[in-house]
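Next come the chains, spelled out residue by residue.
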Amino acid sequence: MKIAVCVKRTPDTETRIKIASDGKSIDEAGVKFVLNPYDEYAVEEALKLKEAAGSGEVVVVSVGAASAQETIRNALAMGADRGVLLKTDAVSLDPLPTAKLLAGELKSGEYDLIFFGKLAIDDYSHAVGAMVAELLGMPAVSSVSDLTVDGSVGTAEREIEGGVEVVEFPLPAAVTAEKGLNEPRYPALRGIMMAKKKPLDVKDVTLPEGGLELVALTLPPQRQEGRIVGEGPDAVPALIDALRNEAKVL
Amino acid sequence: MSQFVPADYQPKLPLDRLILTDPPSEERIEMDVLFVGGGPAGLAGAIELAKLVRADNEQDGSLGTVSIGVLEKAGALGEHSLSGAVVNPRALRELFPGLSDADFPFTTAVTKESVYLLSDRSATRVPTPPSMKNHGNYIASICEIVRWLGEKAEGLGVDIFPGFPAEALLTEGDRVLGVRTVATGRDRDGSELSNFMPQADVTAKVTALAEGTRGLLSQAYCEWQNLTGENPQIFALGVKELWELSRPLDQVIHTMGWPLPKNAFGGSFFYPLEPTVGALGLVVGLDAPGRSLDVHELLQALKTHRVFREYLEGGELIEWGAKTIPEGGFYALPPRRSGDGVVMLGDSVGFVDVPSLKGIHYAMQSGIFAARAIFSALKVDDTSGSTLGAYDRMVDASFIKDDLYRTRNVRLAYKDGFYKGSVKAGLMTITGGRMFGNRIDMHRDADVPRDVGEKTDLIPDGKLTVSKVDAVFKSANATRDNIPPHLIAAADVPAEVAEFYTHVCPAGVYEVADDGLRINAPNCVDCKATDVVGPRWMPREGGSGPAYKRM
Amino acid sequence: MADILVVLEQRDGVLKRVSHEVLAAGRVLADASGGQVHALAIGGPDLSGDGLGAFGADRVVVVGDDAVKLYQPELYSATVTDQVQSGEYSAVILSATAMGRDLGPRVAAKLDCPLAADVTELSSDDGIVVKRPAYSGKAIYTLRVTSSPVVIAVRPNAVAPIDGSQAGIVDTGQVASAVRAARAVTKAIKQPERHAVDVTEAAIVVSGGRGLKEPEHFSLIEDLAGAVGAAVGASRAVVDAGWRPHSEQVGQTGKTVSPNLYFAVGISGAVQHLAGMRTAKVIVAINKDPDAPIFKVADYGIVGDLFEIVPRLADEIRKIKEN
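Not measured: the values here are computed from a predicted model.

Engineer: Would you mind going over the overall build of chain B in detail, with residue names and values included?
Structural biologist: Secondary structure assignment for chain B yields 15 helices and 29 strands. The C-alpha atoms of chain B give 22 Å as radius of gyration, which agrees with the globular expectation for 551 residues (24 Å, within 12%). Counting over 551 residues, chain B shows a buried share of 65%. The contacts of chain B with a sequence gap of at least 6 include a subset with a gap of at least 24, amounting to 79%. Looking at chain B as shown, the accessible area adds up to about 20000 Å², and 49% of this sits on carbon and sulfur atoms.

Engineer: Describe the sheet that holds strand 20 (residues 266–274) of chain B, listing the residues and the values that go with them.
Structural biologist: Residues and elements named next belong to chain B. Ordered in space as 9-8-19-20-21-18-22, the 7 strands form an open sheet in which the pairing is mixed. Every other strand in the sheet has two partners, leaving strand 9 (123–126) and strand 22 (316–326) as the edge strands with one partner each. Across the sheet, the axes of successive neighbouring strands diverge by a mean angle of 20°, strand direction being ignored. Sheet analysis places strand 18 (residues 235–244) next to strand 21 (residues 277–285), joined by 9 bridges and oriented antiparallel. Residue glutamate 244 lies in a different strand from strand 21, and its bridge partner there is valine 277.

Engineer: Outline the nonpolar core, supporting the account with residue identities and numerical values.
Structural biologist: One finds Phe115 and Phe169 of chain A together with Phe35 and Leu149 of chain B to be the most contacted residues of the largest nonpolar core, which totals 215 residues. The element best represented in this core is helix 8 (residues 360–379) of chain B, accounting for 13 residues. Look past the residues within four positions of phenylalanine 35 of chain B in its chain and what remains in contact with it is Gly42, Gly45, Ala46, Leu49, Ile68, Gly69, Val70, Leu71, Ala208, Leu345 and Ile374 of chain B.

Engineer: I'd like to hear about the interface of chain A and chain C, residue by residue, with values.
Structural biologist: Counting residues at the interface gives 82 residues for chain A and 82 residues for chain C. Across the chain A to chain C interface the summed buried area is about 6900 Å²; carbon plus sulfur atoms make up 57%. There are 6 salt bridges connecting chain A and chain C. Glutamate 134 of chain A is the salt-bridge partner of arginine 106 of chain C, the closest N and O atoms lying 3.9 Å from each other.

Engineer: Tell me about helix 8 (residues 306–322) of chain C, residues and numbers included.
Structural biologist: Residues that lie three or four places apart on an α-helix share one face, since the helix turns once every 3.6 residues. Taking 1.5 Å of rise per residue, 17 residues should cover 24 Å, and helix 8 of chain C covers 24 Å from first to last C-alpha, within 8% of that figure. Listed as buried for helix 8 of chain C are Leu306, Ile309, Val310, Leu313, Ala314, Glu316 and Ile317 of chain C. Elements in contact with the buried residues of helix 8 of chain C: helix 6 (236–246) of chain A together with helix 4 (218–228), strand 16 (261–265), strand 17 (282–287) and strand 18 (300–303) of chain C.

Engineer: Could you give an account of the side chain of threonine 502 of chain B, with specific residues and numbers?
Structural biologist: Residues and elements named next belong to chain B. Locating threonine 502 in the fold gives a position in helix 14 (residues 495–504). Overall, the relative accessible area of 15% leaves threonine 502 in the buried class. Of the polar contacts made by the side chain of threonine 502, one reaches the backbone oxygen of glutamate 499; its length is 2.5 Å. Look past the residues within four positions of threonine 502 in its chain and what remains in contact with it is Asp294, Lys468, Tyr510, Glu511 and Val512.

Engineer: Residue-level account of the pairing of strand 28 (residues 516–519) of chain B, with values.
Structural biologist: Residues and elements named next belong to chain B. Pairing between strand 27 (residues 510–513) and strand 28: 4 bridges, direction antiparallel. Residue pairing for strand 28: alanine 513 is matched across the bridge by glycine 516. Hairpin connection from strand 27 to strand 28: 2 residues lie between these consecutive antiparallel strands.

Engineer: So what's going on with helix 3 (residues 95–106) of chain A? Residues and values would help.
Structural biologist: All names here are of chain A. The terminal C-alpha atoms of helix 3, which comprises 12 residues, lie 16 Å apart, in line with the 16 Å expected from a rise of 1.5 Å per residue. Burial of helix 3 is extensive: 10 of the 12 residues sit out of reach of the surface. By the burial criterion, the buried members of helix 3 are Pro95, Leu96, Pro97, Thr98, Ala99, Leu101, Leu102, Ala103, Glu105 and Leu106. The N-terminus of helix 3 is capped by aspartate 94, whose side-chain oxygen sits 3.2 Å from the backbone nitrogen of leucine 96.

Engineer: So, the environment of aspartate 457 of chain B: which residues are in play, and what are the values?
Structural biologist: Among the secondary structure elements, aspartate 457 of chain B is positioned in the loop between strand 25 (450–451) and helix 13 (468–474). Separated by 160 residues in the primary sequence, aspartate 457 of chain B and glutamate 297 of chain B have C-alpha atoms spaced 8.3 Å apart.

Engineer: Let's hear about the domain arrangement of chain A: which residues, and what values?
Structural biologist: Annotation of chain A at the domain level lists domain 1 (2–204) and domain 2 (220–250). For domain 1 of chain A versus domain 2 of chain A, the distance between C-alpha centres works out to 38 Å.

Engineer: Quick rundown of the packing of aromatic side chains? Include the residues and the values.
Structural biologist: Tallied over the entire structure, the rule returns 20 aromatic pairs over all chains. Between phenylalanine 106 of chain B and tyrosine 138 of chain B the ring centres are 4.6 Å apart and the planes differ by 5°, which places this aromatic pair in the stacked class. You can see phenylalanine 106 of chain B sitting in the loop between helix 3 (90–95) and strand 7 (108–109) and its partner tyrosine 138 of chain B sitting in strand 10 (residues 138–139), a full 32 residues away along the chain. Centre to centre, the rings of phenylalanine 270 of chain B and tyrosine 311 of chain B are 5.6 Å apart; their planes meet at 75°, and the pair counts as edge-to-face. With a gap of 41 residues between them, phenylalanine 270 of chain B in strand 20 and tyrosine 311 of chain B in helix 7 (residues 306–312) connect regions that are remote in the sequence. For the pair phenylalanine 270 of chain B and tyrosine 311 of chain B, one class covers both residues: buried. Connected via pairs of aromatic rings, a cluster forms that spans Phe4, Tyr9, Phe500, Tyr501 and Tyr510 of chain B. Note that lysine 2 of chain A overlies the ring of tyrosine 111 of chain A, its terminal NZ or CZ placed 4.8 Å from the centroid. A cation sits over an aromatic face here: lysine 528 of chain B above tryptophan 537 of chain B, 4.3 Å from the ring centre.

Engineer: Tell me what's going on with unusual backbone geometry, and back it up with residues and numbers.
Structural biologist: With an omega of -5°, the peptide bond between leucine 171 of chain A and proline 172 of chain A qualifies as cis. The residue proline 172 of chain A is located in the loop between strand 9 (163–170) and strand 10 (173–177) in this model. Cis geometry marks the peptide bond from tryptophan 258 of chain B to proline 259 of chain B, where omega comes out at 5°. Examined against the element boundaries, proline 259 of chain B turns out to sit in the loop between strand 19 (252–257) and strand 20. Even without being a glycine, alanine 476 of chain B presents a positive backbone phi close to 60°. With respect to the helices and strands, the residue alanine 476 of chain B is situated in the loop between helix 13 and strand 26 (487–488). We classify alanine 476 of chain B as buried; its relative accessible area is 14%. In this structure, aspartate 526 of chain B takes a positive phi of about 60° despite not being glycine. Locating aspartate 526 of chain B in the fold gives a position in the loop between strand 28 and helix 15 (529–533). Classification of aspartate 526 of chain B by relative accessible area gives buried; the value is 4%.

Engineer: So what's going on with the sheet that holds strand 23 (residues 338–339) of chain B? Residues and values would help.
Structural biologist: Residues and elements named next belong to chain B. Spatially, 11-5-4-17-24-23 is the arrangement adopted by the 6 strands of the open sheet, whose pairing is mixed. The sheet is open, and its two edges are formed by strand 11 (159–162) and strand 23, each paired on a single side. Bridge count between strand 4 (residues 33–36) and strand 5 (residues 68–72): 4 bridges; the pairing is parallel. Considered in strand 5, the bridge of phenylalanine 35 is made with valine 70.

Engineer: Mind laying out the environment of glutamate 48 of chain B, listing which residues take part and the relevant values?
Structural biologist: Among the secondary structure elements, glutamate 48 of chain B is positioned in helix 2 (residues 40–58). The spatial distance from the C-alpha of glutamate 48 of chain B to the C-alpha of arginine 309 of chain B is 43 Å, given a sequence separation of 261 residues.

Engineer: Which residues make up the pattern of salt bridges, and what values go with them?
Structural biologist: Residues and elements named next belong to chain C. Tallied over the entire structure, the rule returns 60 salt bridges over all chains. Notably, a salt bridge pairs arginine 312 with glutamate 316, separated by 3.2 Å at the nearest N-O pair. On the criterion of helical spacing, the pair formed by arginine 312 and glutamate 316 is a turn pair, its members being 4 residues apart in helix 8. Arginine 312 sits in the partly exposed class, given a relative accessible area of 28%.

Each value, and the rule that gives it
- Residues numbered from 1 in each chain as written.
- Chains lettered and ligands numbered in written order.
- Predicted model: local features only at pLDDT ≥ 70, side-chain atom pairs only at ≥ 80, totals over all residues.
- Heavy atoms only, no water.
- Helix = DSSP H or I, 4+ residues; strand = E, 2+ residues; numbered from the N terminus.
- Rg over C-alpha atoms; globule rule 2.2 N^0.38 Å.
- Buried < 20%, exposed > 50% of the residue type's maximum accessible area, 1.4 Å probe, protein only.
- Contact = heavy atoms within 4.5 Å.
- Areas by Shrake-Rupley, 256 points an atom, 1.4 Å probe, with all protein chains shown as cover.
- Pairing = 2+ DSSP bridges.
- Axes fitted to C-alpha atoms, helices over the stretch in contact; angles between N-to-C directions.
- Core = buried A, V, L, I, M, F, W, Y, C linked by side-chain atoms within 4.5 Å.
- Buried area = accessible area lost by both parts, 1.4 Å probe.
- Salt bridge = Lys/Arg side-chain N within 4 Å of Asp/Glu carboxyl O.
- Expected span 1.5 Å × (residues − 1).
- Polar contact = N/O pair within 3.5 Å; in protein donor to acceptor, adjacent residues only side chain to side chain.
- Domains from an automatic or database assignment.
- Phe/Tyr/Trp six-rings, centres within 6.5 Å; stacked < 30°, edge-to-face > 60°.
- Lys NZ or Arg CZ within 6 Å of the ring centre and 35° of its normal.

Printed below as a string of C-alpha cells:
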C-alpha cells in the first residue's frame, strides 16, 4: 500500500499570539512550532494501514519554509518512510495555491490513499485536502473519525452536526483526519535516530498566485463584562436568546 | 506537634530503582558519548566534544566517527530551563572563539544596577556588593540560550532527543554503562495505553550527567559511590515571573529584606529582558525554619511593594516558573565528579556561586572541561575513572574552583539569620574569604527542624498577584492528566508536615485533605523543592511538566 | 452586474437555519454590487424553495432528486459548479458547516477560484472584504478578495437572518448530469455513539459540580450535554468524591479547556476550576448562590435552583435543534 500524508508546520495551540510589527503576521519570537495536531492523526492512520497491509510506503509531503523539514522529520520519526518538502517562503491565505503545489507533487505518485489533517490550527481553512482530491479527480472524505479499508474499498465515518455520515468510496482516495480517528504514537528514540537518515527531498517551488490579499492581522476585541440574565427557570429563554443572538454560540 | 524534622518523613532515595545491574537490553541504542540533560552544561559539553572530534577527523582522523547524543526530559529544548538571568559571557566566548558577544543570544548588556533593602513600606538603596556587580555581563533568557546552543550542537552533528527523561543508570561493577529512559503512554495505574512506548536502554562509553539542579541520577550515583562533600548540598527555591511591563525598566534591580522573615536567606531580582519585558523572581533558602514559608506567596507579596508595583500594575503576567538552585558552594561539591564511564556537570554537582548569583557560565565551562577529558579518554580508548579524572583536575585548576573557594562560606554564614549573616558575609567579601575562612558546618535542608512561623495571608487579585493554580497555568504545564504519579511521599504524613509541603511546593501539587496528604502530581513543574525536604521526585513521561519559553 | 449564488443546506427535506444566514450574507454583497441573490437548494424530491424570498432570495433554484437527498460530495459540487457556470456570479456563499467545509473547497478547486473559509464578517467596499479567525480564535485576519468569482464559507451564527417580506421566484434545477454515478457515496446518517469527547477538545462543555448534591443527579448534566452536543466536564470536588472519572475533570493541572461555550452548573468557581476554563469563549453559570465566584468570570448567569433550570434549558435547546 502506497500512502501519502500531507503535513504542515504550525504554532503550538498554547502559543500566546502577538502581532508582528508589520500588522500582518504573528511575532514568531519564542513561538514553538509543532506538527499540526490533526496531521498527527493522519500520519498515525497511514502508518497503521501500512502495517496492516504488511508492506508499502508512507511518504510525507509538506509545503513550507526550510524549517518545515523538522516537521517532516517528526513524521518520519513516527515511522513514515520518506519526506518531500516543497520549499517556499511564501504563504498563501487562499488554500488553492497550496493545494495546487501538493496536487502537482502527488499526481504521478500512484498513491492508494492520500491523508491530510482536517484543518491546520493556524489558518483554520479546512480546505486543502478536499481541494487536492478535486484537482486530482479523486474521491475524498473529510473530517473522518473512523476508517476501514478493505481491499480497494473504504468506509469512513464523517462527523457532521448531530450525527455521523457513513461514506463508502473506492481507492485511490483522499481522507482528512478528525480527532478520534486514532491515538497517535509517540516517536521512539530509535525512530528519531532512524528518521535522521531517511530520505528527505527538498524541492524549490513557486507558490501560484492566490485570490486573497492579506489586509491585516489583528487581535480579537476584549471580552465584555458578564451579566446575570435572571433568576430561576423563567430566565432560560433570555439565556438562550443571549447565546444565540448576542454571543452567537448556539 | 510544634516542631518536626522534615527528614523524618522523607522516603529514602530508591537506589534499587535507580542503579540497575542487569545487563542492558539487547535492543539497546549504542552511542559513544551520552549527555543526560540538554541544558547549558550538557549542550556546551556536546558542542565542545563535537568540535574536538571534527578537528581530529580533519587532522589524522584516528578517532573516526564519534556519536554524541543528548537526552532531554522536556518536550523541547529550553522548556524546563529557568534562570534569572544575568550571564557572564566567558564560557560562551571560550566555546565559540570565532563569535563576538553580539552573536550570542543575550538581550541587553547590564549598564545600571541597584540593590535595595526593603521594609514593607520603604526601600533603602544600599551600595552594590562587589560580588554582585554585573558590569560586562548580559541579561538573557536561559530558554533562548539553550535553544541557541541546541541549534549549534545539531549543526555539529550532535543528536538531540527532547522528550526522553532518563530514569536509571545502567551499571556494571562501578562502571556506568548508560541510562534507561522512561516509558511513555501509561495510564494512571501504570497499565499500558494504546500508544504505549516502552523504555529504551541507551549505552555509551561515557555518560555525562548534566541533569541540572537536584539531578536524580547524579544524586543516585553519589549515594551509590559514597561521594559526599565536606558539607551536604543545600538548596534554595526560586520562583520567577515574566511580565510585560506597564513602563520601561532600565536597570538590574536586586532586593533583600521584606517580605522574607529574618530567619530566611534570600532576595529578589528584577531584570529588563527587553525594556518593557521584565524577569522578576524571588529566591529563598530551603533551610528556613518557618514551616509556613511559601516562596510563591512571598513573591506575590513582593510584587505589591512600590518598587515593583509601579512597573507591573497595568502590565501582564506572561510566564511563571520555579526551580531550585544548589547553594552549598565549594564545601558541598562531591570529592570527585568523575568515575568509570561517567562525569557529572553543572548544577547537578553544584557549580553555583551564590554571592554573585551565577551558575550558567560555570555549568557551561564544566561541560567544556568534561568534553576535553572525554575526548582525551576516547583517543586512548580508556574511559576509566582515572582517565576521566582529568575533568576534575581541569575544574580544580580553573576559575570555577577559585570563584567557589573565595566565597566558600558566604552563603553558609546566613544559617544563623540575616543580620549576623550579613555582617559575617560582608567581612568575608572584604577580606577575599580569608576572614571566617574555616568551614562552617551545614545541615542538610531536610535536617533543619521546622517550627511555626510567619504566614503570608495574601488573597490574590488575579492580576498583580496570582494563585498557585493560575501560576501553573502560566508555566504552560501540559502534563497528561492520567499520567502515573511520580512523587513518592511517606505513608501517613502528619497534618503539620502535609501542610508544610503545601507551602514548599510553589505549584499547588500538595494539599491537605480530610484523609491526609493529597498529591496533584500533574501540577508539578519539576522544580525539585520537595525532593529536597519532602516527597521524592521521579522522572515521568517525556514532555511532561512546564513549557517555558523565555524564562 | 454580477449576482451572488448562495448554497442552502437541508436535512430530511427541511432547510436549516444556516440557509437563512447565508441568504442574508448574500444580500449584503448583492446590495453593494446591485446584483441579485440566487439560492441553490439541493435535496430530496420533497424539497421546497417556497418562502425564501422573505429571507433575501431573488431567485431560488431547487434541485430535488433522490440521488442527492443526503450530502453527496461529488454530485453536490458538480451541481453547484454547473449553476455558477450557467450565470455570471461574483461569489458563491455557503455555510461553514460539515457540509460547507467539504463542499466549498471542492467548488473552489473546480472553478479555479479563491476560497475564504470560516468567515465571520463580510462587507463590500471596493471589492469583497472578509474577516476570519485564526490561531484558535486568538487573532483575526482581514482579507480582500482580488479575483472573481470567490467561494465564501460563512461561520454558522455569524450573520443574522433577514426578516423581510419580498417574494422570490422558484425554479427547478437538475443534478449535474455528467457525474450521476458518484464514486464516494454517502450511505446514511447515523446517530453518533456516545463516545467520550475529550473535554479539552470539545466545542461545547457542560460541567457539573457539588451543587448537584448526588452523583445520580449528573444525569441532568449528561442530558443537557446531549441536547447541546457537548462534552461532559466535572469540577475537582466531584471527581475527588468519586462521582465522575478523572478524565472529565476541568482545571486541576493548570490545563485549560477553551470551548466556544462552557456551562458551569452547580460549580462555585474555586480558583482551581476557574484556571481551567476561563479561556472559554462564552461562559454560562448556573448557581443558587449569587455571590459564587463563578459569576465573576461568567458572561451570562442564572441564579436559582439548577434542578429546575437545567431540564428547562435542555428542553428549550432541543426544541431549537429540532427546527
